[in-house]
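Next come the chains, spelled out residue by residue.
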Amino acid sequence: MDTGLDVKKRLNELADKAYRENRYVFTDFLNISQLSAYHEMKKDFIQTGSSLFGGCPECERCVVRFGFEEVLGYDQPFPIAVLRIAPVNPKYAEKLTHRDYLGSVIGLGLEREKIGDIIIKNSDDPKKGQIAYIFVIDSIADYIIENLSYVKHTHVSVILSNSIPEEARPHLEEESIIVSSNRLDAIISRIYKLSRDSALKHITEGKVFVNGITRTENAKPLKDGDVVSVRGMGKFIMTGVGGTTKKDKIYINIQKYI
């Protein structure tokens, strides 16, 4: 699914299909830019009903489900499976990256849209080694299990997992920063150690999302509870302003995903 008008057109088509056929209809995984289009038009789906899920609450890539139980009279879970990928011999396993896992799965001839978030857990137990959890559309899960034998040069095993272990999931870390103003560029500049010009460029190029919607202007201050994502850098929650310094700078409290 492309971005922009094509995404909105496709979302409208799927919502209409769910309404006409009186059943649940699902997208594939949408990236953060495509989800911004969904958030902008979510109010248009009130009659049909819609919801998001990526496999766990912290996921960035999500599936949209059109339809809701109150009208349809039944519930249907999201078609998402989670796969656990582990080295067959941890002692000789490479240190693998998100790009390594994604490349190996796509290398099986699969579309990127069928693959959601990838969570990598580096175990303290040398007998286990590095373990990855990958969310996929459930129709391709068996194919990956049967065909994925190597990630780079590391021999791996793949099994279906019931869930992501709590210790492997992203968690929030409290942080307080000092900024000159409650402007988006000032805050992301401080959090991600960018120059103000670089932070502003991220904003104007559509790489910053506030509550799921692309923010391309910088004037509107953040408010408590805003969830901010910076593409390729991370995500945080604005939790409040904590006062001012003697030089009239302000304390901003956040919860940062790590």
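Up top you'll find the structure we're talking about.
Please read these numbers as outputs of a predicted model, since none were measured by experiment. (Residues numbered from 1 in each chain as written. Predicted model: local features only at pLDDT ≥ 70, side-chain atom pairs only at ≥ 80, totals over all residues. Heavy atoms only, no water.)

Caption draft 1: Structural view of the sheet that holds strand β3 (residues 62-66). The three strands lie next to each other as β1-β3-β2, forming an open sheet whose pairing is antiparallel. Two strands lie at the open edges of the sheet, namely β1 (25-30) and β2 (50-53), each paired on one side alone. Neighbour-to-neighbour, the strand axes of the sheet open up by a mean angle of 20°, direction not taken into account. Note that β2 and β3 share four bridges and pair antiparallel. Within β3, the residue paired with S51 across the bridge is R65. Sitting on the sheet, helix α1 (residues 5-21) touches β1 and β3, and the angle it makes with β1 is about 155°. Each of β1, β2 and β3 touches helix α2 (residues 32-41); the most contacted strand, β2, lies at about 155° to it. (Pairing = 2+ DSSP bridges. Helix = DSSP H or I, 4+ residues; strand = E, 2+ residues; numbered from the N terminus. Axes fitted to C-alpha atoms, helices over the stretch in contact; angles between N-to-C directions. Contact = heavy atoms within 4.5 Å.)

Caption draft 2: Focus on the sheet that holds strand β10 (residues 208-210). As summarised here, the arrangement of the six strands in space is β9-β14-β13-β12-β10-β11, forming an open sheet in which the pairing is antiparallel. Edge positions in the sheet fall to β9 (172-179) and β11 (213-214), since each of these pairs with one other strand and no more. As paired elements, strand β12 (residues 227-230) and strand β13 (residues 234-244) share four bridges and run antiparallel to each other. Along β13, the bridge assignment pairs V230 with G234.

Caption draft 3: How the structure looks around the packing of aromatic side chains. Summed over all chains, the structure comprises six aromatic pairs. Where Y24 meets Y74, the ring centres are 5.2 Å apart and the plane angle is 90°; that geometry is what we call edge-to-face. You can see Y24 sitting in the loop between α1 and β1 and its partner Y74 sitting in the loop between α3 (69-72) and β4 (80-87), a full 50 residues away along the chain. A relative accessible area of 34% means that Y74 is categorised as partly exposed. Measuring from ring centre to ring centre gives 5.8 Å for F26 and F78, while their planes differ by 65°; the resulting arrangement is edge-to-face. (Phe/Tyr/Trp six-rings, centres within 6.5 Å; stacked < 30°, edge-to-face > 60°. Buried < 20%, exposed > 50% of the residue type's maximum accessible area, 1.4 Å probe, protein only.)

Caption draft 4: Layout of the pattern of salt bridges. For the structure shown, the criterion picks out 13 salt bridges. Between D28 and K114 there is a salt bridge; the shortest N-O distance is 3.1 Å. Here D28, found in strand β1, pairs with K114, found in the loop between α4 (98-106) and β5 (115-122); they are 86 residues apart in sequence, far enough to count as distant. Across the pair D226 and K223 runs a salt bridge whose closest N-O atoms are separated by 3.2 Å. Through salt bridges with shared partners, a single network forms among E58, E166 and R169. (Salt bridge = Lys/Arg side-chain N within 4 Å of Asp/Glu carboxyl O.)

Caption draft 5: Structural detail: the state of the cysteines. Across all of its chains, the model carries zero disulfides by this definition. Among the cysteines around C59, which has no disulfide bond, C56 carries the closest sulfur, lying 3.5 Å off. (Disulfide = S-S within 2.5 Å.)

That's the geometry; what it means functionally is another story.
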